[in-house]
Amino acid sequence: MKHGVAILSFLCLNLATGAPPAVGAPQAPAGKAALALPAPDIAMHPEYAKAIGRYAYIWGWPMVNMQNRSDRITKAPRPGLLGGILPVAPRGQAGMLHDYIAPQETFVTCPNQDVVYGLGFFSLDEEPVIAQVPDFGDRFWVYALYDQRTNQFGELGKPYKSKPGFYLLVGPNWKGKRPAGVQGVIRSPTALANAIPRIFMDDTEQDRKAIQDKINQVVFYPLKDFDGKMKTIDWKNTPDIPNPQAESASSGETRWVIPETFFDQLGKVLDTVPPLPGEEAMYAQFRSVLAAAARDPAIKEALLQTAKETEEQVIAPFFQWKHNGRPAGNNWNRSVNNAQTGLDYFNRTGTSKSNMFDNRPSETQYFYTDFDAAGAQLDGSQRYEITFPKGQLPPVKGFWSLTLYNKLHLFSPNELKRYSLGTKNKDLARNADGSLTLYVGPTSPGKDKEANWLPSPKEPISLYIRAYWGQQAILDGSWKPPQIKKMD
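Scoring rules and cut-offs
- Residues numbered from 1 in each chain as written.
- Predicted model: local features only at pLDDT ≥ 70, side-chain atom pairs only at ≥ 80, totals over all residues.
- Heavy atoms only, no water.
- Pairing = 2+ DSSP bridges.
- Helix = DSSP H or I, 4+ residues; strand = E, 2+ residues; numbered from the N terminus.
- Axes fitted to C-alpha atoms, helices over the stretch in contact; angles between N-to-C directions.
- 1 Å grid on protein atoms, 1.4 Å probe; cavity = no way out; pocket = protein on both sides within 12 Å on 5 of 7 lines; lining within 4 Å.
- Points joined across faces, edges and corners; volume = space filled by probe spheres on them.
- Nonpolar A, V, L, I, M, F, W, Y, C, P; charged D, E, K, R; others polar.
- Buried < 20%, exposed > 50% of the residue type's maximum accessible area, 1.4 Å probe, protein only.
- Core = buried A, V, L, I, M, F, W, Y, C linked by side-chain atoms within 4.5 Å.
- Contact = heavy atoms within 4.5 Å.
- Polar contact = N/O pair within 3.5 Å; in protein donor to acceptor, adjacent residues only side chain to side chain.
- Parallel < 35°, antiparallel > 145°, perpendicular 65-115°, else oblique.
- Left-handed = near helix turned anticlockwise from the far one by under 90°.
- Salt bridge = Lys/Arg side-chain N within 4 Å of Asp/Glu carboxyl O.
- Phe/Tyr/Trp six-rings, centres within 6.5 Å; stacked < 30°, edge-to-face > 60°.
- Lys NZ or Arg CZ within 6 Å of the ring centre and 35° of its normal.

Observations concerning the sheet that holds strand β17 (residues 436–441)
As summarised here, the arrangement of the four strands in space is β18-β17-β14-β20, forming an open sheet in which the pairing is mixed. Among the strands making up the open sheet, the edge pair consists of β18 (453–455) and β20 (484–486). Direction aside, the axes of adjacent strands within the sheet are offset by 25° on average.

What follows is the structure, given as structure tokens:
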């Protein structure tokens, strides 16, 4: 905690001064002198650099993360599936799955097997993008649009009664006019942005077949290619893109933030992500540290060590659910400020580490835990039952699910190819009193209960409830997630 006082004092000053949105020195009230910002060429000592650098690492981690994901994904030569697993595309386009995401996926932790996903990254000031929306009918869908801070912008999906057609995604500095035939213009607060469409699909072959024509019209492309006509890509038959350097799921999520290169990349974030109101003084502090590091090898080395220490001591613990969100009852935690974090850096960075690319609260609420009802670590070699009393399923207008993750927050393959249960499953067996019990364990709970069973790997596990388009009891916290009881 030796840096704690320095960081706390810095934050209090930053929030108290509340500088205006323009980059540069804060504007003082009439008749008063402007507040001073760090002077150039100061003789900074390493311990001060480490104090500021520690906070810069926490603050900038999600944005460096986004930057590196974009750099990797947009290397794709065309839209398709990288290694047959991950949707990828060149900048300004998006790739789409045609089924649930595969368990071998390592792009992001806590994937969802209730929806068909898409993924694309854009540079919207340089190249505005058309988002094409087919007529999904009664099917739940949402196009989650993320800025570089990992916050959602715009509202595009069934909860917003969005109409089929074409939508134009633009950056903060785009000054064009809406083309004829475009439903609306959606502006990102940062030039770097991405889209992750989610289209609900139930777990039946009938629905897998029915959804194909719809998802084939989920297409993103540069504005210059817009002609007012619906484009179609046969995602199921698009040739896969080879991935000779595929990473093993046994190694966990791809490392998107490398401590050794973080401070080499932070300057680009400061240059391309405009400060939020009140962040100007913080930007100035971070720039002064980077400038000092460029002049002084001792400062550069201090920042390198700070990055490594902060990754281990601050970032890594966010992977445990007890350090995420807030208590939700029965040893579960729930998401807070998801995808609309503002100045809530705790939840922004915590989510970026544990389960990046969640939806905003009005679209989805997330409940997660590593513990059973007695407070013991969930162990996949043990058996558990989770009972939703009659009338106490997650109250949603969209869908809900209970998903099981391994110790890496990914899927462990099983013979049933089953990783979640919920609205998508049409054969769940109810108890005589109308309640619903789901079973977790390494072996079948019995033939009559097998439809309600999530197979578990013999290692520490996590459980995760999604409530898409939650009703009021989800939003206000009056609905509580069920107890997880260890079976004898």
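Some remarks on empty space enclosed by the protein
The full count for this structure, using the stated rule, is four cavities of 30 Å³ or more. Residue lining of the largest cavity: 23 residues in total, with V108, Y117, I196, R198 and F357 positioned closest to the centre. The set of elements that each furnish at least two residues to the lining of the largest cavity consists of β2 (86–88), β4 (115–123), β9 (192–200) and β19 (462–468). Its residues placed into classes, the lining of the largest cavity shows 15 nonpolar, five polar and three charged. Considered as a void within the structure, the second largest cavity measures approximately 60 Å³ in volume. Contributing to the lining of the second largest cavity are T150, N151, N338, A339, T341, N347, R348, T351, S352, M356, F357 and D358.

Re the pairing of strand β15 (residues 400–405)
With six of its six residues buried, β15 lies for the most part within the structure. What you see with β15 is no split at all: W400, L402 and L404 on one side and S401, T403 and Y405 on the other are buried throughout. Across three bridges, the pairing between β15 and strand β16 (residues 420–422) is antiparallel. Along β16, the bridge assignment pairs L402 with L421.

Considering the nonpolar core
In terms of nonpolar packing, the biggest core is built from 64 residues, with F107, Y143, L169, F220 and F357 touching the most fellow members. Ignoring sequence-local partners within four residues, the contact set of F107 consists of R69, I73, L86, L119, F121, E253, W256 and F357. By size, the runner-up hydrophobic cluster in this structure holds 29 residues, among which are V257, V269, Y283 and Y345.

A closer look at the side chain of S456
Mapped onto the elements, S456 comes out in the loop between β18 and β19. Given the relative accessible area of 9%, S456 is considered buried. At 2.6 Å, the side chain of S456 forms a polar contact with the backbone oxygen of G380. If sequence neighbours within four positions are ignored, S456 has contacts with G380, Q382, L404, V440, G441, P442 and I461.

As for the packing of helix α4 (residues 259–272) against helix α6 (residues 297–315)
Interhelical geometry of α4 versus α6 gives an angle of 120° and a closest axis separation of 8 Å. Taken as axis vectors, α4 and α6 run oblique relative to one another. Read as a crossing pair, α4 and α6 show a hand that is right-handed. Along its contact with α4, which presents P259, E260, F263 and D264, the element α6 presents K300, L303, L304, A307, K308 and E311. Considering only residue class, the contact of α4 with α6 consists of five nonpolar, no polar and five charged.

Some thoughts on the sheet that holds β19
Spatial strand order, β11-β12-β13-β19-β15-β16: six strands in an open sheet with antiparallel pairing. Every interior strand has two partners, whereas the edge strands, β11 (326–329) and β16, have only one. Recorded for the sheet is a direction-independent mean angle of 25° between the axes of neighbouring strands.

What about the packing of helix α2 (residues 46–73) against helix α5 (residues 280–295)?
One can describe the packing of α2 onto α5 by two numbers: an axis separation of 10 Å at closest approach and a directional angle of 120°. Relative to α5, the element α2 lies oblique. Of the two possible hands of crossing, α2 and α5 adopt the one that is left-handed. On α5, the residues that touch Y48, A49, I52, Y55, A56 and W59 of α2 are M282, Y283, Q285, F286 and V289. Counted by class, the contact of α2 with α5 contains 10 nonpolar, one polar and no charged residues.

Here we look at the pattern of salt bridges
Scanning all chains against the criterion turns up 15 salt bridges. Here R139 ties to D207 by a salt bridge, and the two come within 3.0 Å at their closest N and O atoms. Within this pair, whereas R139 is found in the loop between β5 (129–133) and β6 (141–147), its partner D207 is found in helix α3 (residues 205–215), the two being separated by 68 residues in sequence. Notably, a salt bridge pairs K300 with D264, separated by 3.2 Å at the nearest N-O pair. On the criterion of sequence distance, the pair formed by K300 in helix α6 and D264 in helix α4 is long-range, its members being 36 residues apart. Judged by relative accessible area, D264 falls into the exposed class, the value being 52%. The network of salt bridges with shared partners includes D99, D203, E205 and R208.

Looking at the packing of aromatic side chains
Pairs of aromatic rings are described using the distance from one ring centre to the other and the angle between the two planes. Applying the stated criterion to the full structure yields 29 aromatic pairs. Ring centres 5.9 Å apart and planes at 20° place the aromatic pair F122 and F220 in the stacked group. Taken as a pair, F122 in strand β4 and F220 in strand β10 (residues 220–222) lie far apart in primary sequence, 98 residues in all. Per residue, the accessibility class of F122 equals that of F220, and both read buried. Members of the aromatic cluster, connected to one another through ring pairs, are W321, Y366, Y368, Y405, F411, Y419 and Y464. Here the basic side chain of R69 rests over the ring of F107, its NZ or CZ set 4.8 Å away from the ring centre.

Here's the deal with unusual backbone geometry
Residue K417 is not a glycine yet carries a positive backbone phi of 50°. Locating K417 in the fold gives a position in the loop between β15 and β16. Judged by its relative accessible area of 68%, K417 falls in the exposed class. Phi is positive for W469, close to 55°, though the residue is something other than glycine. Looking at W469, the relative accessible area reads 18%, which means it is buried.

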